[in-house]
Amino acid sequence: YQYDPATNAWKKIADFPGDARHSAVAFTLGNAAYVGLGGNNATDETFSDFYKYDPATDKWTEIATSFSNKKMGAYAFVINNVAYVGGGISNGVPTNDFYSFDGTKWEKRKSLTEDNKDARRVNASAFTIGSNGYVVSGRSQTGVVSTVWKYNPAENAWSDGSESIPSAREKSVAFAIKGKGYISTGNSGTGSFFDDTYVFTPVR
């Protein structure tokens with residue numbers, strides 16, 4: 001469905017052409033939207049495919065990908081019209097591959113476990129502030145964590161600051177407005193659900 005904020009109305013658009021799925025990842029580049037990865041519990045499948053949606057023609061097109069693993073629960077953020085996709089889980093194991101996509105080609109970036117760091121996360125939240133991408137909370141190999149990771153594309157490097165969200169969670173929604181990031185709802189991973197919202201203000 002397409003939402004028009006001017007009229008506060010929803011309109012049905014062309015259905016997603018790929019297999020039905022959950023825990024997919026989505027982002028926009030230019031005037032197009034992209035949806036891919038994810039899994040299907042009913043068929044016990046996990047996917048590595050990606051589709052592009054053009055609102056001008058109301059059509060979906062499958063695009064080529066370079067993912068090493070079929071995965072679900074990945075995260076994505078967009079910096080200067082380049083999308084970055086990483087994290088997720090494949091066959092029960094968190095994945096460490098990380099890619100950038102400029103709308104034309106995929107490029108494999110530095111592994112999420114290089115430089116003695118571990119930015120692998122499943123069902124994490126992500127947003128962009130300035131020229132950096134942030135990955136908040138989500139599930140690591142040890143369980144749901146509260147940490148915040150920052151990615152600097154100019155240096156192709158991750159840094160784990162001292163920041164953390166007060167209540168560790170996964171499957172939250174996230175967005176950024178005017179230099180601040182927001183994370184809302186989600187669950188603790190042990191049956192507790194959240195209805196609160198936090199704002200993140202970077203200090204550097």
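For the structure itself, consult the block above.
Residues numbered from 1 in each chain as written. Predicted model: local features only at pLDDT ≥ 70, side-chain atom pairs only at ≥ 80, totals over all residues. Heavy atoms only, no water.

Participant: Got a sec to walk through the sheet that holds strand β8 (residues 59-63)? Specific residues and values, please.
Facilitator: Taken in spatial order, the 4 strands of this open sheet run β3-β4-β7-β8, and their pairing is antiparallel. The two strands at the open ends of the sheet, each matched to only one other strand, are β3 (25-29) and β8. Put simply, the sheet's adjacent strands are angled 25° from each other on average, direction ignored. The pairing of strand β7 (residues 50-54) with β8 spans 5 bridges and is antiparallel. Across the sheet, residue K52 finds its bridge partner in β8, namely T61. (Pairing = 2+ DSSP bridges. Helix = DSSP H or I, 4+ residues; strand = E, 2+ residues; numbered from the N terminus. Axes fitted to C-alpha atoms, helices over the stretch in contact; angles between N-to-C directions.)

Participant: Tell me about a nonpolar patch on the surface, and name the residues and values.
Facilitator: On the surface, Y1, Y3 and W10 cluster together into a nonpolar patch covering about 440 Å² of accessible area. If you trace the backbone, Y1 turns up in the segment before β1 (2-4). (Patch = residues over 30% accessible without salt bridge, like charges linked within 9 Å, V, L, I, M, F, W, Y side chains within 5 Å. Areas by Shrake-Rupley, 256 points an atom, 1.4 Å probe, with all protein chains shown as cover. Salt bridge = Lys/Arg side-chain N within 4 Å of Asp/Glu carboxyl O.)

Participant: I'd like to hear about the environment of G18, residue by residue, with values.
Facilitator: Examined against the element boundaries, G18 turns out to sit in the loop between β2 (9-11) and β3. With 43 residues separating them along the chain, G18 and T61 place their C-alpha atoms 9.7 Å apart.

Function cannot be read off these values alone, since they describe shape.
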